[in-house]
Amino acid sequence: MRERLVALAALLAALALPWIAEAAGSPASIGLATRMAIYALAAASLNLALGFGGMVSFGHAAFYGIGGYAVGILYAHWSWQEPLLGLIPGSVSLAATLLAAMAAGGVAAAAIGALSLRTGGVSFIMITLAFAQMVFFLFVSLKAYGGDDGLSIRRRGELPGLDLRDPAQLYWLCLGLLLAWLLLLRRVTRARFGQVLSAARQNERRVVALGISPYPYRLVAFILSGMGTALAGALMANATRFVSTDMLHWTKSGELMVMVILGGAGTLMGPVLGAVALVGLEYGLAGLTEHWQFILGPLLVLVVIFARGGLMAALRRLRLA
Amino acid sequence: MSAPLLVLDDLRKSFGGLRATDGLSLDVRPGELHALIGPNGAGKSTAIGQITGEIRPDSGRIRFDGAEITHLSAARRARRGMVRSFQVVQLLEEASAEDHLALAVQARQGHSFRFWRAARRDRGLREPARALLDRFGLDPARRGLPASALSAGERKQVELALALALRPRLLLLDEPMAGLGAGESQAMTETLRRLKGEVAILLVEHDMEAVFALADRVSVLVRGRCIASGAPEAIRADPAVRAAYLGEGEEA
């Protein structure tokens, strides 16, 4: 009961945030909250693979960047008025570009997952990293789309009734998609599919002995995970109106992993907390000193050591105490 | 005599220079309890691994229910009705006994690519799971605990219940008495006696008392091959077996 009240209060606060920010005279914080929502979406997606499925992917920047570049490339072809590969017309339609980003992320995850999931443990970590690096260098070498310099998007996605030039509307869009994705994840992890996924993480031999081959379940979870992460990348492209190979850099994969582990892997809301905490800390500390990473690093170490199970576990302990 | 359910035909498996399985042939008939015994290092684990599909044999063939399964994956073998238990119990440490049984029922019902309905509220899973636990007499107060909180005996009980939930045609029991106290061991022997005849069992076991009390046939594995196979009394009297295996153990 109390848990529900807390969740409801948090939801209302999140919804009312743009008005609160205006009233408090800091409209810039809407942009900060937008970034939090987008990273929360990416981290929640990674968590499906990492936390629920036990697939420690160190290559999710690939899906994040592919989602961003899907928006950027479709915009570029729209502005050049020249179809992509002579076939696919460019677009600035929000619905079309977000769906295209998810599709591209899903296809990439299917290809990378199908090969990587034949390994396990440390090999899986390294092979996902290797694939992500391949995608990174591919986009560095694509001079048509800016290479190292990235690609500016001069027009945000268009959807009748929505004006994404308004920061509040962009924020609500990101928040809405985050909530929808969380509801989907909640369903999926509690359904029969999720039971098998979680069982395979806990003990693969046991699952095989029950006559279940974990591979197809893991692959589907990995694809869903890639699609959600690509959606987050596409939203970020809309928020910053710019995509670059920074989105594909391996440190981005690491950042997403930190969010999941900081918040609590294998819980629904953990990655959301982790994303909010990490983005908030980066912002707050960067305002204090330019050597903010010097403070952030030890802080993360302390959380991992003293709050096993992340912020979610710490919150639960507080509630029990 | 009915056709055998499981046939091992000249299985061979080497690890480097060590011939762990060296021309092993064996069969299990429908409904019989066939015990596989052998001294330490005789290759019992390697044999079990090849039967269940965790280890690929170098040569030889395995047939189950009239079909060749030598190259079938372990999961597929389980789906065909060849179900195993483990020497060291393999459970999902975070899941309760009831969750385990529900997962087994789910596995039996076909694929699990179902993404929407909550599995924990699915009566088609939870009710059969509870019925199975009733049948195995696991203390109702302990059914909700995570597997990591159960005793060794209870964990064996859950694993056996899992195996039977799949409605196997052949049960492969890998040292079911290992790690049990005297009382629990007795209870397990009783459970196996009740199962006898209902389902064919291949029992790999160290506990000689249990083997000779339960088995219809006994096969003796020494250095990767079967040196004798027959009724328990015949095996006990076999001089080659006595020399290789029972020699020092006068208790048999």
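Heads up: the structure comes first, above all this text.
It should be emphasised that the depicted structure is a prediction, and the values quoted were computed from it without experimental measurement. Within each chain, residues carry numbers counting from 1 in the order of the written sequence. Chain labels run from A onward and ligand labels from 1 onward, assigned in the order the entries are written. The model is predicted, so local features are restricted to residues of pLDDT at least 70 and side-chain atom pairs to those at 80 or more, both for listing and for counting; the totals for chains, interfaces and linings are taken over all residues. In computing side-chain values, all of the structure's heavy atoms are included and hydrogens and water are not.

Draft legend 1. Seen up close, the overall build of chain A. Each helix and strand in chain A was counted, giving 13 helices and two strands. Only C-alpha atoms enter the radius of gyration; for comparison, a globular chain is expected to reach 2.2 Å times N to the power 0.38, where N is the number of residues. Expected size for 321 residues packed as a compact globule is a radius of gyration near 20 Å; at 20 Å, chain A falls within 12% of this value. Along the first, second and third principal axes, the C-alpha atoms of chain A reach 55 × 50 × 40 Å. Burial classes: relative accessible area under 20% of the type maximum marks a residue as buried, over 50% as exposed, and values in between as partly exposed (1.4 Å probe, protein chains only). Across the 321 residues in chain A, those meeting the buried criterion constitute 50%. What makes two residues a contact is simply this: any of their non-hydrogen atoms within 4.5 Å. Long-range contacts, defined as pairs at least 24 residues apart, comprise 76% of the intrachain contacts of chain A with a sequence gap of at least 6. Charge counting treats Lys and Arg as positive and Asp and Glu as negative, with His and both chain ends excluded. Every charge is mapped to an atom, namely NZ of Lys, CZ of Arg, CG of Asp or CD of Glu. Separation of charge centres in chain A, based on 23 positive and 13 negative side chains, amounts to 17 Å. Strands here are runs of E lasting at least two residues and helices are runs of H or I lasting at least four, both read from the DSSP assignment and numbered beginning at the N terminus.

Draft legend 2. Local environment of the packing of aromatic side chains. Stacked, edge-to-face and tilted are the three classes for Phe, Tyr and Trp ring pairs, Trp counted by its six-membered ring, which pair at centre distances within 6.5 Å; planes under 30 degrees apart are stacked, over 60 edge-to-face, the rest tilted. Summed over the entire model, instances satisfying the criterion amount to 14 aromatic pairs over all chains. Ring-pair connections join several aromatic residues into one group, and the members of that group are Phe 193 and Tyr 217 of chain A together with Phe 113 and Phe 115 of chain B. Sitting over a ring, as applied to charges here, requires NZ of Lys or CZ of Arg to be within 6 Å of the ring centre and within 35 degrees of the ring normal. When the ring centre of Phe 212 of chain B is taken as reference, the NZ or CZ atom of Arg 236 of chain B above it lies at 4.5 Å.

Draft legend 3. Representation of the nonpolar core within the structure. Definition used in this section: a nonpolar core is a set of buried Ala, Val, Leu, Ile, Met, Phe, Trp, Tyr and Cys residues joined via side-chain atoms within 4.5 Å. Residues Phe 222 of chain A together with Leu 171 and Val 218 of chain B are the most contacted members of the largest nonpolar core, which totals 148 residues. Looking at which element gives the most residues to this core, the answer is helix H2 (residues 28-52) of chain A, with 15 residues. The split of the chain into domains comes from an automatic or database domain assignment. Looking at this core, you find at least three residues from each of domain 1 (1-81 + 168-252) and domain 2 (93-166) of chain B. Residue contacts for Phe 222 of chain A: discarding those within four places in its chain leaves Ala 49, Met 55, Ser 57, His 60, Phe 63, Ala 109, Ile 112, Gly 113, Leu 117, Phe 124 and Thr 128 of chain A. Among the nonpolar cores identified, the runner-up in size contains 23 residues, and Leu 24, Ile 51, Phe 64 and Ile 69 of chain B belong to it.

Draft legend 4. Spotlight on empty space enclosed by the protein. Cavities and pockets were defined on a 1 Å grid built over protein atoms only: a cavity is a set of grid points that admits a 1.4 Å probe from which the probe cannot escape, a pocket is an open set flanked by protein on both sides within 12 Å along at least five of seven lines, and lining residues are those with an atom within 4 Å of any such point. Grid points are joined across faces, edges and corners, and a volume is the space filled by probe spheres set on the points. All told, the structure shown has three cavities of 30 Å³ or more when counted by the stated rule. When its volume is computed, the largest cavity comes out at roughly 90 Å³. Around the largest cavity sit Arg 205, Val 208 and Ala 209 of chain A together with Thr 52, Glu 54, Ala 74, Arg 77, Ala 78, Met 82, Val 83, Arg 84 and Phe 86 of chain B, which together line it. When residues of the lining of the largest cavity are traced back to their parent elements, those giving at least two are helix H8 (204-209) of chain A together with helix H2 (74-79) and strand S6 (82-84) of chain B. Note on residue classes: Ala, Val, Leu, Ile, Met, Phe, Trp, Tyr, Cys and Pro are nonpolar, Asp, Glu, Lys and Arg are charged, and everything else, Gly too, is polar. In terms of residue class, the lining of the largest cavity is made up of seven nonpolar, one polar and four charged. A volume near 50 Å³ is recorded for the second largest cavity. Every residue along the wall of the second largest cavity is listed here: Ser 85, Phe 86, Lys 156, Glu 159, Leu 160, Asp 174, Glu 175, Pro 176 and Met 188 of chain B.

Draft legend 5. Summary view of a nonpolar patch on the surface. Residue and element names in this part refer to chain A. Patch construction takes residues with relative accessible area above 30% that form no salt bridge. Like charges are linked within 9 Å, and nonpolar side chains (Val, Leu, Ile, Met, Phe, Trp, Tyr) are linked within 5 Å. Accessible surface is estimated by sampling points in the Shrake-Rupley manner with a 1.4 Å probe; for residues, cover comes only from the protein chains shown. Put simply, a salt bridge is a Lys or Arg side-chain nitrogen that is within 4 Å of an Asp or Glu carboxyl oxygen. Among the surface-exposed residues, Met 1, Leu 5, Leu 8, Leu 11, Leu 12, Leu 15 and Leu 179 lie close enough to one another that they form a single nonpolar patch of about 670 Å² accessible area. Of all the elements, helix H1 (residues 2-23) adds the most residues to the nonpolar patch, at five residues. For Leu 8, the position within the fold is in helix H1. For Leu 8, a relative accessible area of 47% translates into the label partly exposed.

Draft legend 6. Examining the environment of Leu 296 of chain A more closely. Residues and elements named next belong to chain A. With respect to the helices and strands, the residue Leu 296 is situated in helix H12 (residues 293-306). When the C-alpha positions of Leu 296 and Leu 278 are compared, they lie 8.7 Å apart, and in sequence the two are 18 residues distant. Leu 296 has contacts with Leu 278, Leu 281, Glu 282 and Leu 285, leaving out every residue within four places of it along the chain.

Draft legend 7. Geometry of the interface of chain A and chain B. At the junction of the two partners, chain A supplies 24 residues and chain B supplies 34 residues. In total, about 2,800 Å² of surface goes out of reach between chain A and chain B, with carbon and sulfur atoms giving 59% of it. At the surface where chain A touches chain B, the tally comes to four salt bridges. Across the pair Arg 201 of chain A and Glu 94 of chain B runs a salt bridge whose closest N-O atoms are separated by 3.4 Å. Here a polar contact is taken to be a pair of N or O atoms separated by no more than 3.5 Å, where protein atoms must pair a possible hydrogen donor with a possible acceptor and residues adjacent in sequence count only if both atoms sit in side chains. Put simply, chain A and chain B have 18 residue pairs in polar contact (both at pLDDT 80 or more) between them. A breakdown of the residues in the side of chain A that touches chain B according to their chemical character gives 13 nonpolar, five polar and six charged. Two parts placed together each lose some accessible area under a 1.4 Å probe, and the buried area is that loss summed for both.

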